[in-house]
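# Architecture at a glance
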Amino acid sequence: MIYLDPSSKLINSPEFAASVAERFFLGLAPNGQPFFAINVPFPEGTENLVSLRDVGTLLSDLEIGAVMHAVALANWHDVHPRCARCGEPTISILGGSTRKCPACEAEHYPRTDSAVIVLVRDREDRILLGRQKIWPAKRFSTFAGFLEPGESLEACVVREVAEEAGVSLSEIKYLGSQPWPFPASIMLSFTAVTDNPEDAEADGEEIEAIRWYTREQIAEDIASGELLLPPGISIARRMIELWYGQPLEGVEAWR
Ligand SMILES: [Zn+2]
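Residues numbered from 1 in each chain as written. Predicted model: local features only at pLDDT ≥ 70, side-chain atom pairs only at ≥ 80, totals over all residues.

### Points about the overall build of the chain
Note the following rule: Labels follow the DSSP assignment, with helices taken as runs of H or I lasting at least four residues and strands as runs of E lasting at least two, numbered in each case from the N terminus. Whether a residue is buried, exposed or partly exposed follows from its count of other C-beta atoms within 10 Å of its own C-beta, namely 20 or more, 12 or fewer, or something in between, respectively; the C-beta atoms are built from the backbone. Whether two residues are in contact is decided by their C-beta atoms, placed from the backbone, lying within 7 Å.
Scanning the chain from terminus to terminus reveals 6 helices and 12 strands. Taking all 255 residues of the chain together, 27% fall into the buried category. A fraction of 57% describes how many contacts in the chain between residues 6 or more apart in sequence connect residues 24 or more apart.

Laid out in structure tokens, this is it:
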């Protein structure tokens, strides 16, 4: 669990020095105010806690940036108590941005896993959405997958969509990115065009169903409850709305 602490009283205090492993310096707000995250074990019997997924849409840009950073850092610290080189315990240094092994002096840095997310269109300007088995019923979204070692982002886009939906792509264009620290990803978003929409087929493993959507059909399916879009905080939702031309209303399904 993470508390965000916008107090500057912690700087140079003995308490901060003594507990640096549990406190991470996140940075300075534009007004100079420092932000820290305090990473503490989940207290037993605590009620009324909310997750980032629940409050994400209520936060300001500054707050969401600080929280994303805090969650990503905490996820990394929690699973890197030991040195990957020699196995000895590591310590947090530099305000929590790095861990160091006192035994072999190796420094360890937070890892970010790159994933691509793709909005696939055809020449009639329809979009292809897919449905993962693990999602809530009626949820469809864009295609996504992790970058493999040594792979370019463009090759990853082509491979993921070929694997999951069976179509080939061209005109791959970068749109933007979104940190997704669940636990340590960044989503890099692209649009791409396929010339063989008739070959689209769910792989039956990760993706259990696919659908082509016109703007008219997507509005209709949302209105009837036949389609649940990804949540407003997600880059997938923004990609779909970018194509649609305006925000889409509709029940949101987390995950
Ligand atoms: Zn070591």
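Next comes the rest of the description.
### Description of helix α6 (residues 235-244)
The following threshold applies: This arc is built from the directions going out from the helix axis to the C-beta atoms.
Those residues of α6 lying buried are I235, A236, M239 and I240. With its buried residues spanning 140° around the axis, α6 presents them on a single face. Looking at the residues trailing α6, positive phi occurs at G245, about 105°.

### As for unusual backbone geometry
P183 follows F182 through a cis peptide bond whose omega is 10°. Here P183 is to be found in the loop between β10 (170-180) and β11 (185-193). Phi at E105 takes a positive value of approximately 70°, unusual for a residue other than glycine.

### Observations concerning the nonpolar core
What counts here: Take the buried Ala, Val, Leu, Ile, Met, Phe, Trp, Tyr and Cys residues, join any whose C-beta atoms are within 7 Å, and the set you get is a nonpolar core.
Membership of the largest hydrophobic core comes to 33 residues, with the highest contact counts inside it found for V116, V118, V120, V157 and V161. Discounting residues that sit within four places of it in the chain, V157 has contacts with V116, V118, L169, I172, F190 and A192. With 14 residues, the next largest nonpolar core counts F36, A37, V67 and V71 among its residues.

### Some details on the pairing of strand β3 (residues 34-39)
What counts here: Each pair of strands is called paired provided DSSP finds at least two bridges between the two strands.
One ladder, built from 5 bridges, connects strand β2 (residues 23-28) with β3; its direction is antiparallel. Its bridge partner lying in β3, F24 is registered against A37. The loop that links β2 with its antiparallel partner β3 comprises 5 residues; one of these, G32, has a positive phi angle of about 90°.

### What to know about helix α4 (residues 153-165)
Basically, it comes down to this: Multiplying 1.5 Å by the residue count of a helix minus one yields the expected span of that helix.
Its 13 residues place the ends of α4 18 Å apart at the C-alpha level, agreeing with the 18 Å of an ideal helix rising 1.5 Å per residue. Inspection of α4 places C156, V157, V158, E160, V161, E164 and A165 among the buried residues, and these make up the whole buried set. In this structure, the buried side of α4 is in contact with β7 (113-121), β8 (127-132), β9 (143-146), β10, β11 and β12 (207-213). G166 lies just past α4 and shows a positive phi near 75°.

### Some points on the sheet that holds strand β4 (residues 91-93)
Strands sit in the order β4-β5-β6 across an open sheet of 3 strands; the sheet is antiparallel. Strands at the two margins of the open sheet, each flanked by one partner only, are β4 and β6 (107-108). Bridge count for strand β5 (residues 98-100) against β6 is 2 bridges, and the pairing is antiparallel. Looking at the pairing, R99 lines up with H108 of β6.

### Here's the deal with the confidence of the model for the chain
In low-pLDDT segments, the atomic positions of the prediction should not be examined closely. Our working rule: Each residue carries a pLDDT score, the predictor's confidence in it, ranging from 0 to 100.
Put simply, the chain has an average pLDDT of 86, and 84% of its residues get 70 or more. Scored below 50 in pLDDT, residues 7-14 shows 9 contacts in the model against residues more than four places distant or in partner chains.

### Here we look at the environment of F25
Of note, F25 is situated in strand β2. Overall, the presence of 19 C-beta atoms within 10 Å leaves F25 in the partly exposed class. Expressed as a C-alpha distance, the spacing of F25 and L94, which sit 69 residues apart in the sequence, is 8.4 Å. Once you skip the residues sitting within four places of it in the chain, F25 turns out to touch P34, F36, G95 and G96.

### Topic: the pairing of β10
The side chains of a regular strand alternate, first on one face of the sheet and then on the other. As defined by bridge partners, β10 adjoins β11 across 8 bridges and the pair is classed as antiparallel. Its bridge partner being in β11, Y174 is matched across the sheet by F190. In this structure, the hairpin formed by β10 and β11 is closed by a connection of 4 residues.

### So, the environment of D199
Of note, D199 is situated in the loop between β11 and β12. C-beta crowding within 10 Å serves as the criterion here: with 12 such atoms nearby, D199 is assigned to the exposed category. For the pair D199 and A165, spaced 34 residues apart in the sequence, the C-alpha separation amounts to 8.3 Å. The residues contacting D199, other than those within four sequence positions of it, are G166 and V167.

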